[in-house]
Amino acid sequence: MKVINKWGKGFFLYLFLVLIFPFLPIDEYYRSVAIIIGFHSIVTIGLCLLMGQAGQISLGQAAFFGLGAYTSAVVTAKYGLSPMIGLLIAMIIPAVFAYVLGRAIAGLQGYYLAMATLAFGFIVQIGITEWESVTGGANGMINIPQIAFFGESELRMYYLVWALVTCVLVFSLSLLHSRVGRAFRAIHKSEVAATSMGINVRSFKLSAFIISGIFAGLAGGLYAHFMGILDPQPFGLHESIKFLTMVVIGGMTSIWGALIGAVVINAISEILTVLREYIPFLHGDVDTIVFGGILVLIVMFMPEGLVPKSAAFLQSMKMKKKAARGEEDDQSMERKATT
Amino acid sequence: MTMLLDIRGLSRDFGGVKAVSEVDFHMNTGEILALIGPNGAGKSTVLNMISGVIPPSSGEISFENQPMLQVAGHAYASLGITRTFQNLQTFDDMTVVENVMVGMHSKGKSSLFACGIKLPTARKEEKEMREQALKWLDLVGLPDISSRLAGSLPYGKLRLMEIARAMVSGPKLLLLDEPAAGLNHTETAEMSRLFKEIRKSGTAILLVEHDMDMIMQVADRIVVLDQGKKIAEGTPQEIQENKSVIAAYLGEEEEELVKG
């Protein structure tokens, strides 16, 4: 596959790590952490397309995640459909919501767009909480069936989730270096220039919303079946901001960054959990404070994010090495485009 | 020679100020028409209206006998009107070839889904776009830098890249907003040569420019605006001898005097 050639070593390293992770000699608990990271990655990759590429901020991404989760949970637990069908519907319903939302707020930019998506997030969370007859309200739902993926086990779930993460990753990387990806990036930089190149700005913004909604819905559906129980609490602003933080930390312009961001934030979360046993004052909502602090630091000192920053660093190291060897090299001016 | 662009009674107010008033002119296929005038004459406003960026307050614009005022901004490129910008609008975090490939957007059809899973049709289209973009980078004199980030390019090269981006879709009318601004003599001469090449390929050029040497060298006809009104129209020779044009330029101290 061309994608694999293009991203070469990095992609193989990624595949290798994903494949061997469950067999590392660590607590089985971390396998379920890895599954959760998978859900988050699917959401953040979609959010990266929307925010990092097309330049449209969303403070309501957790709502799409929740819509996906509840859709799949309701159709499987209440109406007895198979979880695979549930996942499919879990992508369609958020897509429809994303379409309607996208149409409604097509003309908004910057703060206004942020406010509108924030409001959408609240509406969805309140809607889920209040629609008790279907969603179980604040008490939530139980007995959501597991996904039968060649049988039911956590190991199989791990591979299913990460296979889907990989699909989403490859899809998004391919998209980035295509007509549509370039249109997204063009809109981000200059809507006037994009329009004069023949790009229908509204319709591409809308498709960015829809694709990010579909990804978040898929992740939500997987989440519901993995957890087996649901309540509306994790689908609010707090979670939306967490997704945003992941994307910003990894580097908004980088799809890989979205994945790395999800890993980093979850890792910090786990470290805090461990530390809590030793340091008494770490109780309460310390996560939020730490994530907020990280977000501020990143924006202040490394606004481009981890992945683009490290890529630039590696590049400059290479250049230095070459310079040390006294090679004149035009290639050194070449830099890889956003990945 | 057939008429390509026809403009009648074109006006534009900005909050009561008449930036452009009652301007008429036309363009033929494959000609270079220069739009000149002192600063604030309304040249860029006219160009922005022709490219669909701002709507006129009144008047008509028709392109190949089709009225353009109801046409959506993003449809101009596929109808055959493309442009460059006075203050460059390049995509700095894309490579040079990607920038030019954005110019091919209107020629492509691949959907988001087709691009994401790399359908054979999408791959083929991508390959054609890249080839065409590289061809145009070559034509404007920017070979060998296609994989550099646009943001790392000097100003003069970005101007050329913008022209490649506007030309890659094979437009019938190219609108250039001060393409020689900020260029040195060598670069300007190179630019003039390029315009003649473009005309040879059949694309008409509407040129808004201050550099009189360049205009006299490349323009087939000239339209002169002053304070939003058309004050003269004719061949470079006729314009050089036109008294009202000379007067308009003499009124502007910082403008170069057009020698009669």
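Further up the page is the structure itself.
A brief look at the structure comes next. Just so you know, these numbers come straight off a predicted model, no measurement behind them.

### A short note on the packing of helix α2 (residues 29–53) of chain A against helix α11 (residues 237–250) of chain A
All names here are of chain A.
Turning to step 1, where the next piece is worked out: Remark: α2 packs on α11, axes separated minimally by 9 Å, with the N-to-C direction vectors making an angle of 70 degrees. What the angle tells us is that α2 and α11 run roughly perpendicular. Residue-level inspection shows His40, Val43, Thr44, Leu47, Cys48 and Met51 of α2 in contact with α11, the latter providing Glu239, Lys242, Phe243, Leu244, Met246, Val247 and Val248.

### Side note on the layout of surface pockets
All names here are of chain A.
Turning to step 1, where the next piece is worked out: Estimated volume of the second largest pocket: approximately 570 Å³.
Turning to step 2, where the next piece is worked out: In this structure, the second largest pocket is lined by 23 residues; those nearest its centre are Ile36, His40, Glu239, Lys242 and Ser269.
Turning to step 3, where the next piece is worked out: Taken together, the elements giving at least two residues each to the lining of the second largest pocket come down to α2, α10 (201–227), α11, α12 (255–276) and α13 (286–301).
Turning to step 4, where the next piece is worked out: The residue makeup of the lining of the second largest pocket, split by class, is nine nonpolar, eight polar and six charged.

### Some words on the nonpolar core
Turning to step 1, where the next piece is worked out: Counting residues in hydrophobic clusters, the biggest one holds 102 residues, and the most contacted among them are Tyr14, Phe39, Met157, Trp162, Leu222 and Leu230 of chain A.
Turning to step 2, where the next piece is worked out: Discounting chain neighbours no more than four positions away, the residues touching Met157 of chain A are Ile35, Phe39, Ile147, Leu222 and Phe226 of chain A.

### Focus: the packing of helix α7 (residues 154–176) of chain A against α10 of chain A
Residue and element names in this part refer to chain A.
Turning to step 1, where the next piece is worked out: Packing of α7 against α10 leaves a shortest axis separation of 12 Å and a crossing angle of 175 degrees. As summarised for this structure, α7 and α10 are arranged roughly antiparallel, according to the angle between their axes. Contact residues: α7 offers Glu154, Met157, Leu160, Leu164, Val168, Phe171 and Ser172, while α10 offers Ile211, Phe215, Leu218, Leu222 and Phe226.
Turning to step 2, where the next piece is worked out: Taken together, the residues that form the contact of α7 with α10 break down as ten nonpolar, one polar and one charged.

### As for the interface of chain B and chain A
Interface size is commonly expressed as the accessible surface area that is lost when the partners come together.
Turning to step 1, where the next piece is worked out: Listed as interface residues are 37 residues of chain B and, on the opposing side, 34 residues of chain A.
Turning to step 2, where the next piece is worked out: Summed over both sides, the interface of chain B with chain A buries roughly 3,100 Å², with 64% coming from carbon and sulfur.
Turning to step 3, where the next piece is worked out: Looking at the side of chain B facing chain A, the largest losses of area belong to His74, His105 and Leu112 of chain B, adding up to 22% of the total buried there.
Turning to step 4, where the next piece is worked out: Put simply, chain B and chain A have eight residue pairs in polar contact (both at pLDDT 80 or more) between them.
Turning to step 5, where the next piece is worked out: Elements supplying a minimum of two residues to the side of chain B that touches chain A: α3 (96–102), α4 (112–116) and α5 (120–139) of chain B.

### Overview of the pairing of strand β10 (residues 229–234) of chain B
Turning to step 1, where the next piece is worked out: Looking at chain direction, strand β9 (residues 221–226) of chain B and β10 of chain B are connected through five bridges and run antiparallel. Among the inter-strand pairings, Leu225 of chain B is bridged to a residue of β10 of chain B, identified as Lys230 of chain B.

### Focus on the sheet that holds strand β1 (residues 3–14) of chain B
Residue and element names in this part refer to chain B.
Turning to step 1, where the next piece is worked out: Within the open sheet, the four strands sit side by side as β2-β1-β4-β5. Their pairing is antiparallel. Whereas interior strands pair on both sides, the edge strands pair on one side only; in this sheet they are β2 (17–28) and β5 (66–67).
Turning to step 2, where the next piece is worked out: Bridging between β1 and β2 involves eight bridges; their strand directions are antiparallel. Across the sheet, Ile7 pairs through a bridge with Phe25, a residue of β2.
Turning to step 3, where the next piece is worked out: This element, helix α1 (residues 43–50), spans β1, β2 and β4 (58–63) of the sheet and lies at about 120 degrees to β1.

### Thoughts on the pairing of β4 of chain B
All names here are of chain B.
Turning to step 1, where the next piece is worked out: Examined bridge by bridge, β1 and β4 share five bridges and lie antiparallel to one another. Counterpart to Arg8 in the pairing with β4 is Glu60.
Turning to step 2, where the next piece is worked out: In terms of strand pairing, β4 meets β5 through two bridges, oriented antiparallel. Note that in β5 the partner of Phe63 across the bridge is Gln66.
Turning to step 3, where the next piece is worked out: Between β4 and β5, which pair antiparallel one after the other, the connecting turn spans two residues, and Glu64 there sits at a positive phi close to 50 degrees.

Criteria and thresholds
- Residues numbered from 1 in each chain as written.
- Chains lettered and ligands numbered in written order.
- Predicted model: local features only at pLDDT ≥ 70, side-chain atom pairs only at ≥ 80, totals over all residues.
- Heavy atoms only, no water.
- Axes fitted to C-alpha atoms, helices over the stretch in contact; angles between N-to-C directions.
- Helix = DSSP H or I, 4+ residues; strand = E, 2+ residues; numbered from the N terminus.
- Parallel < 35°, antiparallel > 145°, perpendicular 65-115°, else oblique.
- Contact = heavy atoms within 4.5 Å.
- 1 Å grid on protein atoms, 1.4 Å probe; cavity = no way out; pocket = protein on both sides within 12 Å on 5 of 7 lines; lining within 4 Å.
- Points joined across faces, edges and corners; volume = space filled by probe spheres on them.
- Nonpolar A, V, L, I, M, F, W, Y, C, P; charged D, E, K, R; others polar.
- Core = buried A, V, L, I, M, F, W, Y, C linked by side-chain atoms within 4.5 Å.
- Buried < 20%, exposed > 50% of the residue type's maximum accessible area, 1.4 Å probe, protein only.
- Buried area = accessible area lost by both parts, 1.4 Å probe.
- Polar contact = N/O pair within 3.5 Å; in protein donor to acceptor, adjacent residues only side chain to side chain.
- Pairing = 2+ DSSP bridges.

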